[in-house]
Amino acid sequence: MSAVNEKKVAALEAVKYIKSGMTVGLGTGSTAFFMIEAIGEMVKNGLQIKAVATSNETEKLATKLGINVITLAEAKRLDVTIDGADEVDEDFQLIKGGGGALLREKIVAHNSDLNVIIADSSKSVAKLGKFKLPIETIPFATQLILKELDDMGLSPVQRMKGDKAYKTDENNDILDIDIWDTEIELNDLEQQLKSIPGVVETGLFLTSTNVVIIGIGEEAVIKKK
Ligand SMILES: O=C(CO)[C@H](O)[C@H](O)COP(=O)(O)O
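Only a predicted model underlies this, so the values are computations on that prediction, with no experimental measurement involved.

Peer 1: Go over the site of the ligand, please, and point to the residues and values.
Peer 2: Contacts to the ligand come from 17 residues, most closely from Gly29, Thr31, Gly84, Gly98 and Gly99. Elements represented by at least two residues in the shell around the ligand include exactly helix H2 (30–44) and helix H5 (102–110). Residue composition of the shell around the ligand, grouped by class: three nonpolar, 10 polar and four charged.

Here it is in structure tokens:
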């Protein structure tokens, strides 16, 4: 079965967590797309929810599908958030941010009672780091952070869109770094990266995930913490 179908299988399983009256966090990316599409159908059939979007792209799609999108400030707290991931390991640790929405995604996950991650089978890994870890940086500091991360042996590459720097929804930059060979433990790495002034957030999601749903062939495999 194709990755696209596996994404859909995982998304359709995840939306079973959503009930009327809930406030729901909507993730970003091609897997989250199927979840948002399914919620749009459920809303047409009478489901009543409020939703917080993790990106402008997700907000646009959700609004188009008739989902009631509110701000995080209005929501205050979310019942459940469903989002994709670039990599997920056996300990529910993630790399996220391939789609550039890691900052809002991490804020929404932090403010959610339950975090459900959906992915196709290629995202399930024994060790994080084949996928380059995205780091969101303030443009004023980006070039100096590039040098600092290079000195740490993390081979940073600034993400580009054509010949211009890629910009996040918050108008920040993204540096993609190579953590595969680093001997720094992931929690320490997260702390070290976050301690560099100008680093806004990293794509390491180490503790927020409660449920992982992986599409494997026709089947949705559910793992709970
Ligand atoms: O973190 C993300 C966006 O910032 C996405 O969840 C991640 O990149 C996975 O995307 P996709 O479902 O398209 O593979």
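Peer 1: I'd like a rundown of the nonpolar core, residues and numbers included.
Peer 2: Judged by nonpolar contacts, the single largest core of 53 residues is most densely connected at Ala10, Ala11, Ala14, Leu26, Met35, Ile117 and Ile118. Residue contributions to this core peak at six residues, all from H2. When residues are assigned to domains, this core turns out to be shared by domain 1 (3–123 + 206–216) and domain 2 (133–201), each giving three or more. With sequence-adjacent residues up to four places away left out, Ala11 is seen in contact with Thr31, Phe34, Met35, Ala38 and Ile118.

Peer 1: How would you summarise the sheet that holds strand E14 (residues 211–216) if you had to cite specific residues and measurements?
Peer 2: On the basis of which strands lie adjacent, the open sheet formed by six strands has the order E2-E1-E3-E6-E14-E15 and mixed pairing. The open sheet terminates on both sides in strands that have one partner only, identified here as strand E2 (50–53) and strand E15 (219–224). Across this sheet, the average inter-strand angle for adjacent strands is 20°, counted without regard to direction. Bridging between strand E6 (residues 112–120) and E14 involves five bridges; their strand directions are parallel. Bridge pairing in E14 places Ala119 opposite Ile214. Relative to the sheet, H2 contacts strand E1 (23–26), strand E3 (78–83) and E6, its axis offset from that of E6 by approximately 115°.

Peer 1: Account for unusual backbone geometry, with residues named and values stated.
Peer 2: With a phi close to 65°, Phe92 is a non-glycine residue in the positive phi region. Relative to the helices and strands, Phe92 resides in the loop between strand E4 (87–88) and strand E5 (94–95). In this structure Phe92 comes out as buried when scored by C-beta crowding, with 20 C-beta atoms within 10 Å. Positive phi, close to 65°, is recorded for Asn171, a residue that is not glycine. By secondary structure assignment, the location of Asn171 is in the loop between strand E10 (164–165) and strand E11 (173–177).

Peer 1: Summarise the sheet that holds strand E13 (residues 204–205); cite the residues concerned and give the values.
Peer 2: Sheet architecture is open: three strands sit in the order E4-E5-E13, paired in antiparallel fashion. Either end of the sheet is taken by a strand with one partner, and the two such strands are E4 and E13. Here E4 pairs with E5 via two bridges, running antiparallel. Bridged to Val88 within E5 is Leu94.

Peer 1: Outline the pairing of E1, supporting the account with residue identities and numerical values.
Peer 2: Both faces of E1 are covered, namely the face carrying Thr23 and Gly25 and the face carrying Val24 and Leu26. For the crossover from E1 across H2 to E2, the handedness is right-handed. Note: E1 against E3, three bridges, orientation parallel. Residue pairing across strands places Val24 opposite Val80, the latter belonging to E3.

Peer 1: How would you sum up the packing of helix H1 (residues 3–14) against H2? Please name residues and give values.
Peer 2: When two helices pack together, you describe them by how their axes are tilted relative to each other and by the distance separating the axes. Orientation of H1 relative to H2, taken along the N-to-C sense of each, is 45°, at an axis distance of 8 Å. The angle between H1 and H2 falls in the class oblique. Note on packing geometry: the crossing formed by H1 with H2 is right-handed. Contacts between H1 and H2 pair Lys7, Lys8, Ala10, Ala11, Leu12 and Ala14 from the former with Ser30, Thr31, Phe34, Met35 and Ala38 from the latter. Of the residues assigned to the contact of H1 with H2, the class counts are seven nonpolar, two polar and two charged.

Peer 1: Account for the domain arrangement of the chain, naming residues and giving values.
Peer 2: Splitting the chain by domain gives domain 1 (3–123 + 206–216) and domain 2 (133–201). Relative to domain 2, the C-alpha centre of domain 1 lies at a distance of 25 Å. Contacts between domain 1 and domain 2 engage 13 residues on the former and 13 residues on the latter. Looking at the side of domain 1 that touches domain 2 element by element, the count peaks at four residues for H5. Of the residues belonging to the side of domain 1 that touches domain 2, the class tally is five nonpolar, six polar and two charged.

Analysis parameters
- Residues numbered from 1 in each chain as written.
- Predicted model: local features only at pLDDT ≥ 70, side-chain atom pairs only at ≥ 80, totals over all residues.
- Near = placed C-beta within 6 Å.
- Helix = DSSP H or I, 4+ residues; strand = E, 2+ residues; numbered from the N terminus.
- Nonpolar A, V, L, I, M, F, W, Y, C, P; charged D, E, K, R; others polar.
- Core = buried A, V, L, I, M, F, W, Y, C linked by C-beta atoms within 7 Å.
- Buried ≥ 20, exposed ≤ 12 C-beta atoms within 10 Å, placed from the backbone.
- Domains from an automatic or database assignment.
- Contact = placed C-beta atoms within 7 Å.
- Pairing = 2+ DSSP bridges.
- Axes fitted to C-alpha atoms, helices over the stretch in contact; angles between N-to-C directions.
- Right-handed = clockwise from strand over helix to strand, strands pointing away.
- Parallel < 35°, antiparallel > 145°, perpendicular 65-115°, else oblique.
- Left-handed = near helix turned anticlockwise from the far one by under 90°.

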